[in-house]
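Overview (structure and organization)
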Amino acid sequence: MPADVSLATVAAQAGVSVSTVSRIVNGETRRASPATVQRVRDAIEAVGYRPNPAGRALRRGETQLVAVLAANLDNPAMATIASSTEAALREAGYVMILCDTHDRPELQDEYLAAMRVQRVGGLVMIAAVASPGLAEMAGAGVPMVFVTRRNPVGPGLFVGIDDRAAGAAVADRFVAAGCRRPAVVFPRRGSSASRDRVAGFVDRLAALGVASEAVLRGEGDGLSHLQVGYDGSAGLFERADRPDAVLCVSDQIAYGVARRAREAGIGIPDPCRVVSIDGTPLNQWVAPWLASVRIPYPVYGAEIVAGLEAIRRGEAPAERLLPFAFG
């Protein structure tokens, strides 16, 4: 729709006042003649005007504000989820407020307190961390959807993938390729998603005959997954029995691992395979060498809004697990 198509444009086309157009657009047709109503409708069609459901909801006084709190918008995966969510919320008639908590519980609580004052109609928590404010807000009955990480303080509607199954899929891929020295790199301060991916990987390897103690592990400190990958893989590449296959629980960890490997003179993917779990579109531009379990982040928004509206209708929260695939 062109940017200049407004109620005033429709009014000029139909030869009536803006207030008359506004009433008819909002379903109030009793004060206008049938001929006027038809003329306005013809004008709407002619100029391509589309009502803004979010603006209409706000004018009616409905609570259509939804806050999205993301742990790290520098992470392409979270940025993609936030963008997808904004589009889906807008389409459904909501207005989105976006906050970056930087994975800090105290900042998350500051934003939650502010959103409570704003009386938001829903909260979307992308990679939430446990905090007193989160527990309080969950108990207040505000509709909440938890994305990529499950609610760390209790039950709640979850949108994401089966992280254990994703880790297991990478184990299957490594064993099928004949890899003999598998490793996994993950954050020391890992989330539920990271822990589940590691557990699924290690457990499936054990089922395939690779003992848990034989799986090399690299843990990195800090909140930056780039740094986690770089630091966590340092010891792995200094070993005499260096890994020939590494699972990274996120794309950014894989970027850090790749830099460390290059500095150690180790080629990727030969002789060392690297597989991540994320598969963001950025990989095709900056890391074409990276094999990845691709998560459908661009469609998360529709699932998040569907879950949010189910809660608002009074339905019991349920998981919304999305498919993943190797990309």
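Residues numbered from 1 in each chain as written. Predicted model: local features only at pLDDT ≥ 70, side-chain atom pairs only at ≥ 80, totals over all residues. Heavy atoms only, no water.

Turning next to a nonpolar patch on the surface. A surface patch of nonpolar side chains, about 350 Å² in accessible area, is lined by Leu282, Trp285 and Val286. You can see Trp285 is positioned in helix H13 (residues 283-286). (Patch = residues over 30% accessible without salt bridge, like charges linked within 9 Å, V, L, I, M, F, W, Y side chains within 5 Å. Areas by Shrake-Rupley, 256 points an atom, 1.4 Å probe, with all protein chains shown as cover. Salt bridge = Lys/Arg side-chain N within 4 Å of Asp/Glu carboxyl O. Helix = DSSP H or I, 4+ residues; strand = E, 2+ residues; numbered from the N terminus.)

On to the confidence of the model for the chain. Where the model shows low pLDDT, its predicted coordinates should not be examined in detail. Residue-level pLDDT values for the chain average 90, and 94% of them are 70 or greater. Across the chain, the element-wise mean pLDDT spans from 46 in helix H4 (residues 53-59) up to 98 in strand S8 (residues 245-248). Contacts for the low-pLDDT stretch residues 54-61, under 50 throughout, to residues beyond four places or in other chains number 11 contacts. (pLDDT = per-residue confidence, 0-100. Contact = heavy atoms within 4.5 Å.)

Okay, empty space enclosed by the protein next. What the rule picks out here adds up to two cavities of 30 Å³ or more. What lines the largest cavity is simply Thr148, Phe158, Gly160, Ile161, Asp163, Arg197, Ile295, Tyr297 and Tyr300. Grouping the constituent residues of the lining of the largest cavity by class yields five nonpolar, two polar and two charged. (1 Å grid on protein atoms, 1.4 Å probe; cavity = no way out; pocket = protein on both sides within 12 Å on 5 of 7 lines; lining within 4 Å. Points joined across faces, edges and corners; volume = space filled by probe spheres on them. Nonpolar A, V, L, I, M, F, W, Y, C, P; charged D, E, K, R; others polar.)

Right, let's talk about the pattern of salt bridges for a bit. Under the defined criterion, the tally for this structure stands at 15 salt bridges. One salt bridge in this structure joins Arg150 and Glu319, with 2.6 Å as the shortest N-O distance. Here Arg150 is found in the loop between strand S4 (144-147) and strand S5 (157-160), whereas its partner Glu319 is found in the loop between helix H14 (300-312) and strand S11 (320-321), with 169 residues between them in sequence. Judged by its relative accessible area of 30%, Arg150 is partly exposed. By relative accessible area, which is 46% here, Glu319 ends up partly exposed. Residue Arg197 pairs with Asp163 through a salt bridge whose shortest N-O separation is 2.7 Å. Here Arg197 is found in helix H9 (residues 192-207), whereas its partner Asp163 is found in helix H8 (residues 163-176), with 34 residues between them in sequence. (Buried < 20%, exposed > 50% of the residue type's maximum accessible area, 1.4 Å probe, protein only.)

A few words on the environment of Arg164. Its location among the elements puts Arg164 in helix H8. Since its relative accessible area comes to 37%, Arg164 is described here as partly exposed. Sequence separation between Arg164 and Phe201 is 37 residues; the distance between their C-alpha atoms is 7.2 Å. Apart from residues lying up to four places away in sequence, Arg164 is in contact with Asp196, Ala199, Gly200 and Asp203.

This part takes up the sheet that holds strand S12 (residues 325-326). Pairing is mixed across the open sheet formed by six strands, whose spatial order is S7-S6-S8-S9-S10-S12. Two strands lie at the open edges of the sheet, namely strand S7 (216-220) and S12, each paired on one side alone. In this sheet, strand S10 (residues 291-294) lies alongside strand S9 (residues 273-278) in parallel orientation, the contact comprising four bridges. Bridge pairing in S10 links Ile277 to Val293. (Pairing = 2+ DSSP bridges.)

Turning to helix H1 (residues 7-14), its buried residues number three or more, namely Val10, Ala11 and Ala14. Buried positions in H1, seen along its axis, are confined to an arc of 100° and lie on one side of it. Residues of H1 that are buried make contact with helix H2 (18-25) and helix H3 (34-47). Positive phi appears at Gly15, one or two residues downstream of H1, with a value of about 75°. (Arc of directions from axis to C-beta.)

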